[in-house]
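Descriptive structure summary
Each chain is listed here by its residues.
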Amino acid sequence: QATKRKPLKIFWMTFRNKNKPVTDLDNEPLTHWADILMDIRKEAGLTRTSLSVLSGIGTSTIENYEHKKIVEPSIYKIEKLLSSMGYDLDAIKS
């Protein structure tokens, strides 16, 4: 029996202007995708090392994502990380 996957919808965007907070259509601050990734990992009770083993993505890459050191991450790697934690990545257009 297939495991039901949790849908995850996030705005995929590049944060180019670090001096101005990014907001949604209601002018509310958006949560950075890296914060969402870390929250999901912690909620799943996974360390970066265990997520690395599950996903095949390097521990240092996961750490760099969570510390926002990689500005434009690979969508394929993010999708693989999320999939390893039981989430699907849905693209939404605003």
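Residues numbered from 1 in each chain as written. Predicted model: local features only at pLDDT ≥ 70, side-chain atom pairs only at ≥ 80, totals over all residues. Heavy atoms only, no water.

1. Observations regarding the environment of Val-53
With respect to the helices, strands and loops of the structure, Val-53 is situated in helix 2 (residues 48-55). Judged by its relative accessible area of 67%, Val-53 falls in the exposed class. Once the C-alpha coordinates of Val-53 and Ser-84 are considered, the two residues, 31 residues apart in sequence, prove to be 9.5 Å apart. (Helix = DSSP H or I, 4+ residues; strand = E, 2+ residues; numbered from the N terminus. Buried < 20%, exposed > 50% of the residue type's maximum accessible area, 1.4 Å probe, protein only.)

2. Overview of the environment of Ile-57
Mapped onto the elements, Ile-57 comes out in the loop between helix 2 and helix 3 (59-66). Considered as a pair, Ile-57 and Lys-77 are 20 residues apart in the sequence and their alpha carbons are 7.0 Å apart.

3. Overview of helix 2
Of the positions making up helix 2, those classed as buried are Leu-51, Ser-52 and Ser-55. The buried residues of helix 2 all sit within an arc of 105° when viewed along its axis, so they share a single face. Helix 2 presents Val-53 and Leu-54 as exposed residues on the side facing more than 90 degrees away from its buried surface. Here the buried face of helix 2 lies against helix 1 (33-43), helix 3 and helix 4 (75-84). Phi turns positive, to about 80°, at Gly-56, one or two residues after helix 2. (Arc of directions from axis to C-beta. Contact = heavy atoms within 4.5 Å.)

4. As for the environment of Lys-77
Among the secondary structure elements, Lys-77 is positioned in helix 4. With 16 residues separating them in the primary sequence, Lys-77 and Thr-61 have C-alpha atoms 9.3 Å apart. Apart from the residues lying within four places of it in its own chain, the contact partners of Lys-77 are Ile-57, Thr-61 and Tyr-65.

5. Some words on the side chain of Ser-52
By the element assignment, Ser-52 lies in helix 2. By relative accessible area, Ser-52 is classed as buried at 13%. Not counting chain neighbours up to four residues away, the residues in contact with Ser-52 comprise Ile-57, Gly-58, Thr-59 and Ile-62.

6. What to know about the packing of helix 1 against helix 4
Two elements in contact, helix 1 and helix 4, have axes whose closest approach is 10 Å; the angle formed by their N-to-C orientations is 25°. Regarding the angle of helix 1 to helix 4, the classification is roughly parallel. Read as a crossing pair, helix 1 and helix 4 show a hand that is left-handed. Of helix 4, the residues touching helix 1 (which contributes Trp-33, Leu-37 and Ile-40) are Ile-78, Leu-81 and Leu-82. (Axes fitted to C-alpha atoms, helices over the stretch in contact; angles between N-to-C directions. Parallel < 35°, antiparallel > 145°, perpendicular 65-115°, else oblique. Left-handed = near helix turned anticlockwise from the far one by under 90°.)

7. Considering unusual backbone geometry
Of all residues except glycine, most have a negative phi; of all peptide bonds, most are trans. The phi dihedral of Lys-68 is positive, around 60°, even though this residue is not glycine. Along the chain, Lys-68 turns up in the loop between helix 3 and helix 4.

8. Describing the nonpolar core
Core analysis: the biggest nonpolar cluster contains 15 residues, and Leu-37, Ile-78, Leu-81, Leu-82 and Met-85 have the highest contact counts within it. Counting residues per element, the ones that place at least two in this core are helix 1, helix 3, helix 4 and strand 2 (87-90). Tallying contributions element by element places helix 1 first for this core, with four residues. Those residues in contact with Leu-81 that sit more than four places away from it in its chain are Leu-37, Leu-51, Ser-55, Ile-57, Ile-62 and Tyr-65. (Core = buried A, V, L, I, M, F, W, Y, C linked by side-chain atoms within 4.5 Å.)

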